[in-house]
Structures are given as structure tokens and as C-alpha cells.
Amino acid sequence: MIQILENYDLTKLNTFGIKAKALFFCEINSEQDLLDLIKAEQFKNNQKLFLGGGSNVLFTKDFDGIVVLNKLKGIEITKEDTEFAWLRSMGGEVWHDLVLFSVEKGFWGLENLSLVPGTVGAAPVQNIGAYGSEVKDALENVEAVDIMKGEKKVFSKEECEFGYRDSIFKSKLKSKYFITAVIFKLSKIPNTNLSYKALKEYLEKNSIEVNNPKGISDVVSLIRKSKLPDPKVLGSAGSFFKNVYIDIKKLEELKLKFRDIPSFEENGMIKIPAGWLIEQCGWKGKRIGNVGVHENQALVLINYGGATGKEVLDLANQIIASVEQKFGLKLTPEVNLI
Ligand SMILES: Cc1cc2nc3c(=O)[nH]c(=O)nc-3n(C[C@H](O)[C@H](O)[C@H](O)COP(=O)(O)OP(=O)(O)OC[C@H]3O[C@@H](n4cnc5c(N)ncnc54)[C@H](O)[C@@H]3O)c2cc1C
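Residues numbered from 1 in each chain as written. Predicted model: local features only at pLDDT ≥ 70, side-chain atom pairs only at ≥ 80, totals over all residues. Heavy atoms only, no water.

**Q** Describe in detail the overall build of the chain, supporting the description with residues and values.
**A** Each helix and strand in the chain was counted, giving eight helices and 19 strands. In terms of overall size, the chain behaves like a compact globule, its C-alpha atoms giving a radius of gyration of 20 Å where 338 residues would be expected to give roughly 20 Å. If one aligns the C-alpha atoms of the chain with their principal axes, the spans along those axes are about 60 × 50 × 35 Å. Relative to its full complement of 338 residues, the chain shows a buried share of 49%. Once local pairs closer than 6 in sequence are excluded, the contacts in the chain between residues at least 24 apart make up 62%. Total accessible area on the chain is roughly 16500 Å²; 49% of this is exposed by carbon and sulfur atoms. The chain carries 45 positive and 44 negative side-chain charges, and their two centres are separated by 4 Å. (Helix = DSSP H or I, 4+ residues; strand = E, 2+ residues; numbered from the N terminus. Rg over C-alpha atoms; globule rule 2.2 N^0.38 Å. Buried < 20%, exposed > 50% of the residue type's maximum accessible area, 1.4 Å probe, protein only. Contact = heavy atoms within 4.5 Å. Areas by Shrake-Rupley, 256 points an atom, 1.4 Å probe, with all protein chains shown as cover. Lys, Arg positive; Asp, Glu negative; His and termini not counted. Charge placed at Lys NZ, Arg CZ, Asp CG, Glu CD.)

Here it is in C-alpha cells:
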């Protein structure tokens, strides 16, 4: 039997630690729970928000609808051959637990994404990425339920329409499908991805030779812990903004005025790190009341305690305006504004 609660406090369910309430709230512990919920009046008649670890949302006000928390658990190896292993993980599993499960088995593919907060079910939503890897690289299928029809659909990788911090679940099908499970195809043959400069440099500098996925996972975890604020200590949703992609013509224009502008070529486009743009506008380490920009990571907005979602949003808007004024580039939030 599913239980639908009213006026539910969401403060502990978002890593920003923003105080907000949901009109209705329900936890999903089995696929049957989801099918039962879909038939409930409180679900049918209200707007819906699916929630995993709450590490990529900003509540700008109370949520006047139903929040559905994904608690579907279970990880299994469904198939293996000499080269590959297929893992099926339920969506409510903690992402890093899945990474540890896979690297401890010696499977390659998820190690660079170690310690990304949140759940497995949310990982395809924004195609999580870190240290030169994206979840789409190791993903084969996404299982989801059409919440209008109550029907299950298995999405192929192509159908997910993955992009940079983007997928069909963050755009066209936003809030239309509840992701129940994800299937990964992982390599059993060594497949080290050291394309990310900082990772390669760290290994070289510390003379670390890594020939197993657990080793890479440990190093990535170590670097992440030294760089990113722990949401249990300082409320945040990690990078608040996406990096900016421009064409070569725009880069040449910008270089005339900003000779040191960092740029990276990626898939025929030029990436400008959003953190650099924010830092150049003087925001790094700046605090306004209860909110601020992290002192080491200009991309990370912080709740120093007691901040409202509106305060965070106001700060974000001020940053967007100043970057646009100085560089003529428009920052877009990576975080889902609710
Ligand atoms: C300190 C910190 C560091 C971070 N570092 C990274 C990083 O390196 N790379 C990166 O990509 N991200 C990073 N993030 C962002 C975040 O970890 C990811 O976006 C993560 O996938 C969010 O998972 P979640 O379960 O917390 O999702 P939530 O915040 O609960 O939800 C995020 C979005 O997904 C939707 N959603 C959630 N579950 C489902 C479901 N089952 N079905 C359909 N839709 C669903 C929600 O409605 C919402 O729109 C970081 C965040 C923090 C706090």
C-alpha cells in the first residue's frame, strides 16, 4: 500500500538544504508502488516532481504538487561474456554505490564518475559527466514508466537523445517518464580513460600507475574530495551553471579583448569554462547574506545556512547578468529550478 503524505518537509531531501514543502509526497519502494500511485487522485490531479538524491534541484518556493521519491533498490549482473558485463541497477540506488559495485568486480566504464552525488535513476537525466567521462558512454538502456499510461518503455541509448548535461528526460519528456532502472554495458578488458588533463597530471605527478578501475575510482574520489564542498557541511548542488559552448569566430572575437581566455575544443565546438567567466567577474568567494560563491570553485553556489531558494536564484541571476555584460556570453543553469 502506498502512503501519500501531505505538506511534507523537503529540507533534508535537497543537498542545497533549502527549506521547502511539498503539497503531497510519496516514496516508491517497488515498481508496483509506482503503478498504484499513478491511479491515485493526488497524483493524477497535480503537477509532479520526481526526486532522487535532490543534488541537482533548487527549490525556489514550496512545491504545489506531488513529489515522488525513488527508493527502488537492487543491482544485478544480467549477462557476461569474455569482453563485457551488463549491469542492471534500480533507479533508487545511490550512484556511487553502483560505481563501487562495478569497480570492485573489475569492470571498466563508471570509474571516472566516482562520487557524483545522487541516484542511478537521475544519472541519465542530465547525462552526468566528470573527469572526461559521461554516463552515456557506459549506458545501454533506460527503463522507465510512462506516468500517464502506466506502461513500461525501454529506451535505447539513441532514444535518450543525450547531449552535454542533457537528455530527452530533461527536455521533451521532462516529468513524463519515471526512470525505474538503468542497464550498463561495462568492459572487462582494461579501458583506462585519462583524457581529462587534471586526472592524467595528478597520476603523473604522484607517480601513480593504475591498471584497475578501483584504482582510478580511488584517485578520482580523492581529487573530488579535495576540490568540492561536501553538501553535508555546506549546502550546494555542485556546479550551478553549464560550461559555455561557442564557435571559433566568437572565440577569435573574444580573444581580441580577453587574451587569456581558456578554451577547449570538443566535438567541433569551443568550450569556455563557466567557472573562469564567473571568476573574472569577481564573484569567486563572494558572499551575500546567507548565500555565496564557493571560495575555490566559482561554479558552485553555496547556502551558508538558512538561505531561501529565492536568495540563491537572485545570486545566480546577478552572476548571469554580469557575465553577459562583460563577455556577451549567456550562462545557463545546470541545476533544475523548481
Ligand atoms: C557536490 C556536488 C557535486 C556534483 N558533481 C557533479 C558532477 O561532477 N557531474 C554531474 O554531472 N553532476 C554533478 N552534480 C549534480 C548531481 O550530482 C547530478 O545531477 C545527479 O545525477 C543528480 O542525482 P539526484 O538523484 O540527486 O537527482 P535529483 O536532484 O533528485 O533530480 C535531478 C533531476 O532529475 C529528475 N529525476 C530524478 N530522478 C528521476 C527519475 N527516477 N525519473 C525521472 N526523472 C528523475 C528530477 O525530477 C530532477 O529534474 C553534483 C552535485 C553536487 C551536490
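Okay, back to it.
**Q** Pulling in residues and values, what's your account of the nonpolar core?
**A** Counting 49 residues, the largest nonpolar core has Phe 241, Ile 319 and Leu 331 as the members making the most contacts within it. The leading source of residues in this core is helix α8 (residues 309–327), at seven residues. Ignoring any residue separated from it by four or fewer positions in sequence, one finds Ile 319 in contact with Phe 241, Ile 278, Trp 283, Val 293, Leu 301 and Leu 331. Within the second largest apolar cluster, 39 residues are counted, among which are Trp 108, Cys 160, Leu 186 and Leu 203. (Core = buried A, V, L, I, M, F, W, Y, C linked by side-chain atoms within 4.5 Å.)

**Q** Please give an account of the packing of helix α4 (residues 197–205) against helix α5 (residues 213–227) that cites residues and values.
**A** One can describe the packing of α4 onto α5 by two numbers: an axis separation of 11 Å at closest approach and a directional angle of 105 degrees. Here α4 lies roughly perpendicular to α5, going by the angle between them. Here Leu 199, Tyr 202 and Leu 203 of α4 lie close against α5, whose contacting residues are Val 219, Val 220, Leu 222 and Ile 223. Of the residues that constitute the contact of α4 with α5, the class distribution is seven nonpolar, no polar and no charged. (Axes fitted to C-alpha atoms, helices over the stretch in contact; angles between N-to-C directions. Parallel < 35°, antiparallel > 145°, perpendicular 65-115°, else oblique. Nonpolar A, V, L, I, M, F, W, Y, C, P; charged D, E, K, R; others polar.)

**Q** Explain the sheet that holds strand β14 (residues 264–266) to me, and be specific about the residues and the numbers.
**A** Ordered in space as β13-β15-β14, the three strands form an open sheet in which the pairing is antiparallel. Single-partner strands in this sheet number two, and they are β13 (244–246) and β14. Direction aside, neighbouring strands of the sheet carry axes that sit 40 degrees apart on average. With three bridges connecting them, β14 and strand β15 (residues 269–272) associate as antiparallel partners. Within β15, the residue paired with Phe 264 across the bridge is Lys 271. The strands touched by helix α6 (residues 248–257) are β13 and β15; relative to β13, the strand with the most contacts, the crossing angle is about 105 degrees. (Pairing = 2+ DSSP bridges.)

**Q** Lay out the sheet that holds strand β12 (residues 177–187) in plain terms, naming residues and giving numbers.
**A** Read across the open sheet, the five strands follow the order β6-β7-β12-β10-β11; overall the sheet is antiparallel. The open sheet is flanked by β6 (75–80) and β11 (151–156), the only strands paired with a single partner. The sheet shows a mean angle of 20 degrees between the axes of neighbouring strands, taken without regard to direction. Against the sheet, helix α1 (residues 31–39) engages β7 (84–90), β10 (139–146), β11 and β12, with an angle of about 35 degrees to β10.

**Q** Explain the packing of helix α3 (residues 95–104) against α5 to me, and be specific about the residues and the numbers.
**A** Closest axis-to-axis distance for the α3/α5 pair is 8 Å, and the angle between their directions is 145 degrees. Like other packed secondary-structure pairs, α3 and α5 cross with a definite hand, here left-handed. Here His 96, Val 99, Leu 100, Val 103 and Glu 104 of α3 come into contact with α5, specifically with Pro 213, Lys 214, Ser 217 and Ser 221. Class assignment for the residues of the contact of α3 with α5 results in four nonpolar, three polar and two charged. (Left-handed = near helix turned anticlockwise from the far one by under 90°.)

**Q** Quick one: what's the story with the side chain of Asn 243, residue by residue and with numbers?
**A** Looking at where Asn 243 falls in the secondary structure, it is placed in the loop between α5 and β13. Reaching out from Asn 243, the side chain makes a polar contact with the backbone nitrogen of Ala 274 at a distance of 2.9 Å. Asn 243 has contacts with Tyr 164, Lys 271, Ile 272, Pro 273, Ala 274 and Leu 299, leaving out every residue within four places of it along the chain. (Polar contact = N/O pair within 3.5 Å; in protein donor to acceptor, adjacent residues only side chain to side chain.)

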